[in-house]
Amino acid sequence: MIAARTFKDRTVALFGLGGSGLATARALEAGGARLVAFDDNPKSVEAAAAEGIPTCDLHDLDWTAVEALVLSPGVPLTHPKPHWAADLAIAAGVPVIGDIEIFQRERDAGTPRAPFVAITGTNGKSTTTALVAHCLRAAGRDTQLGGNIGVAVLTLEPPGPDRFYVVECSSYQIDLAPSISPTVGILLNLTPDHLDRHGTMENYAAIKARLLQEAGTAVIGVDDDYCAGIADWHESEGNVVVRISKERALSDGVFFADGEVRVATGGTVAARFPLAGIGSLRGRHNGQNAAAAVATLLALGLDHDEVLAGLRSFPGLAHRMEEVGRQGRVLFVNDSKATNADAAAPALGSFERIHWIAGGLPKEGGIASLEPLFPRIAKAYLIGEAAPAFAAALGERIPYEISGTLDVAVEDAARDAARTGEEEVVLLSPACASFDQFRNFEVRGDTFRQLVAALPATELSAKG
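From a predicted model like this one, the values you see are computed outputs, not experimental measurements.

(A) Quick peek at the overall build of the chain. Secondary structure assignment for the chain yields 15 helices and 20 strands. Radius of gyration (C-alpha) of the chain: 23 Å, near the 23 Å computed for a compact globule of 464 residues. The principal-axis extents of the C-alpha atoms in the chain amount to approximately 70 × 55 × 40 Å. Counting only residues that meet the buried cut, the chain has 55% of its 464 residues in that class. Pairs at least 24 residues apart make up 66% of the contacts formed inside the chain by residues separated by at least 6 positions. Computed over 40 positive and 58 negative side-chain charges, the inter-centroid distance for the chain is 3 Å.

(B) Summary view of the UniProt feature "binding site: ATP" (unreviewed entry) in the chain. In this numbering, the UniProt entry assigns the feature "binding site: ATP" (unreviewed entry) to G121, T122, N123, G124, K125, S126 and T127. When you line up the elements, N123 lands in the loop between strand 5 (116-120) and helix 5 (125-138). By relative accessible area, which is 46% here, N123 ends up partly exposed. Ignoring anything within four residues of it in the chain, the contact list for N123 reads L188, N189 and T191. For K125, the position within the fold is in helix 5. Judged by its relative accessible area of 13%, K125 falls in the buried class. If near-sequence neighbours (up to four positions away) are discounted, K125 is found in contact with I119, T120, N148, E168, C169, L188 and K208. At 3.0 Å, the side chain of K125 forms a polar contact with the backbone oxygen of G121.

(C) Just the sheet that holds strand 1 (residues 11-15), in detail. Ordered by their spatial adjacency, 4 strands build an open sheet running 2-1-3-4, and the pairing between neighbours is parallel. Two strands close off the open sheet at either side, each with one partner strand: strand 2 (34-38) and strand 4 (96-97).

(D) Broad picture of the domain arrangement of the chain. Split into domains, the chain comes out as domain 1 (7-97), domain 2 (100-313) and domain 3 (322-451). Its C-alpha centre places domain 1 at a distance of 30 Å from the equivalent point of domain 2. The junction of domain 1 with domain 2 conceals about 1,300 Å² of combined surface from both sides, 69% of it contributed by carbon and sulfur atoms. For the domain 1 face of the interface with domain 2, the top three residues by lost area are P73, H79 and I97, together amounting to 41%. For the pair domain 1 and domain 2, the interface holds 0 salt bridges. Between domain 1 and domain 2 we count 0 residue pairs in polar contact (both at pLDDT 80 or more) in total. Elements represented by at least two residues in the side of domain 1 that touches domain 2 include exactly helix 1 (19-30), strand 3 (68-71) and strand 4. Here the element with the most residues in the side of domain 1 that touches domain 2 is helix 1; it accounts for 5 residues. Of the residues contributing to the side of domain 1 that touches domain 2, the split by class is 13 nonpolar, 6 polar and no charged.

(E) Inspection of the pairing of strand 15 (residues 330-334) at higher detail. Taking burial as the measure, the 5 residues of strand 15 include 5 buried ones, the bulk of the element. Strand direction decides the pairing type here: strand 14 (residues 322-327) and strand 15, joined by 5 bridges, are antiparallel. Counted as the bridge partner of E323 is V333 from strand 15. Here strand 14 folds back onto strand 15 in antiparallel fashion, the turn holding 2 residues, of which G328 has a positive phi close to 65°. Judged from the 5 bridges that link them, strand 15 and strand 19 (residues 424-428) form a sheet pairing that is parallel.

(F) Representation of the packing of aromatic side chains in the model. A full pass over the atoms with the stated rule returns 5 aromatic pairs. Ring geometry for F103 and F116: centres 5.1 Å apart, planes at 75°, overall edge-to-face. Within this pair, whereas F103 is found in helix 4 (residues 99-110), its partner F116 is found in strand 5, the two being separated by 13 residues in sequence. Residue F103 shares its accessibility class with F116, and that shared class is buried. Between F103 and Y165, the ring centres sit 5.0 Å apart and the planes meet at 55°, which makes this aromatic pair tilted. Residue F103 is located in helix 4, and its partner Y165 is located in strand 7 (residues 163-168); the two are separated by 62 residues in the primary sequence. Across the pair, Y165 and F103 agree in class, each one buried. A cation over an aromatic ring shows up here: K337 above the ring of F441, its NZ or CZ 5.5 Å from the ring centre.

Calculation notes
- Residues numbered from 1 in each chain as written.
- Predicted model: local features only at pLDDT ≥ 70, side-chain atom pairs only at ≥ 80, totals over all residues.
- Heavy atoms only, no water.
- Helix = DSSP H or I, 4+ residues; strand = E, 2+ residues; numbered from the N terminus.
- Rg over C-alpha atoms; globule rule 2.2 N^0.38 Å.
- Buried < 20%, exposed > 50% of the residue type's maximum accessible area, 1.4 Å probe, protein only.
- Contact = heavy atoms within 4.5 Å.
- Lys, Arg positive; Asp, Glu negative; His and termini not counted.
- Charge placed at Lys NZ, Arg CZ, Asp CG, Glu CD.
- UniProt positions renumbered as here; feature names shortened; annotations may be inferred.
- Polar contact = N/O pair within 3.5 Å; in protein donor to acceptor, adjacent residues only side chain to side chain.
- Pairing = 2+ DSSP bridges.
- Domains from an automatic or database assignment.
- Buried area = accessible area lost by both parts, 1.4 Å probe.
- Salt bridge = Lys/Arg side-chain N within 4 Å of Asp/Glu carboxyl O.
- Nonpolar A, V, L, I, M, F, W, Y, C, P; charged D, E, K, R; others polar.
- Phe/Tyr/Trp six-rings, centres within 6.5 Å; stacked < 30°, edge-to-face > 60°.
- Lys NZ or Arg CZ within 6 Å of the ring centre and 35° of its normal.

Printed below as a string of structure tokens:
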């Protein structure tokens with residue numbers, strides 16, 4: 001745990017007692033803050049009080065004595081309207097911050113030179129975060145991984161001068177971290193997302209860009225207009241900018257082309273990092289993630305061989321194009337995290353002959369946007385509530401069967417894929433939510449993995 005000593009003997013209000021909220025409350029308590037915590041859910045308040053966290057209704061608080069309100073990232077700060085706790089704090093002139101801000105203050109107070117990598121973007125954050133951390137660890141660096149990837153940042157080990165922090169940051173967390181100043185800040189891409197919480201695309205982009213304002217090095221994807229403009233602005237301010245691209249060659253920057261990441265300076269390619277054969281980094285979208293990692297790792301002082309070894313040994317993330325195993329020439333891939341059509345597109349675009357397991361609780365728009373990728377589908381195996389609608393979308397162009405449940409789909413897809421004797425892929429990339437048959441996408445993916453493991457003569461993939 002990182003004890004929040006910068007708030008010692010200061011009164012701090014905290015709202016939101018979910019996982020990250022509880023972790024923050026414990027860090028504040030450990031650091032000696034005078035804490036008062038609350039949540040709109042009475043059961044959460046009871047649970048916090050039961051473990052000794054001081055609680056009270058923040059409506060009854062004397063806000064003139066409060067140093068800061070720590071807001072959990074899931075609680076609205078501005079849109080669609082500020083939460084009542086934020087309203088009370090703002091009216092009293094009390095700063096509203098989050099756990100990333102507390103981490104930043106602790107780093108600044110104790111070991112300001114501790115290497116800190118912060119990653120954001122609409123897509124690819126988690127893979128890039130995991131990849132950077134993996135490469136650092138593989139190169140022997142003491143590395144802590146946390147943030148929006150699922151590990152509350154204040155549960156990590158305390159900062160040290162040679163301890164690297166790799167932290168995924170959502171737009172909500174950045175909005176609550178006005179002092180954030182990473183050694184390397186990464187902005188991968190920007191597409192419309194979370195506009196219900198940020199109001200407009202321009203506001204969303206501005207919040208994401210805030211991650212880079214005080215970064216020592218800004219690594220910025222330039223394949224969309226918003227990010228390209230942000231890169232130009234930072235460069236005009238004299239900041240260190242490394243542009244990355246998965247779409248085109250750059251004369252200065254890091255880009256993905258022809259299956260490798262290339263580092264260019266003055267129009268000359270100075271270094272190459274082949275990705276061929278790295279299943280966890282398959283596809284152009286992972287080319288961008290790898291380019292961001294390469295740019296970051298080189299900026300942190302790793303050499304070419306250290307970076308390449310890390311890329312080659314990256315096991316990938318569970319449920320994101322995860323290679324589960326093989327049955328002869330048939331590869332089984334778990335992409336259960338693909339809960340809508342846009343999320344399924346990268347996996348469908350990464351393989352040539354796909355036995356596609358799709359369906360579940362349908363999302364708006366169905367799979368119409370995936371039509372350009374239909375020629376890659378050898379056959380579809382449809383499950384869940386979406387099966388009839390997906391069958392109608394596939395029509396007579398693509399062979400399909402309505403399997404109904406995942407166990408039937410895996411059995412049928414494995415049977416058909418094995419018949420050809422060619423390199424085939426059985427891909428679970430549902431383009432749907434899981435809630436009609438599974439508690440969440442993780443359970444769906446775990447079930448797929450178990451079903452594949454139960455198939456005869458299946459060789460499971462090793463995970464690092």
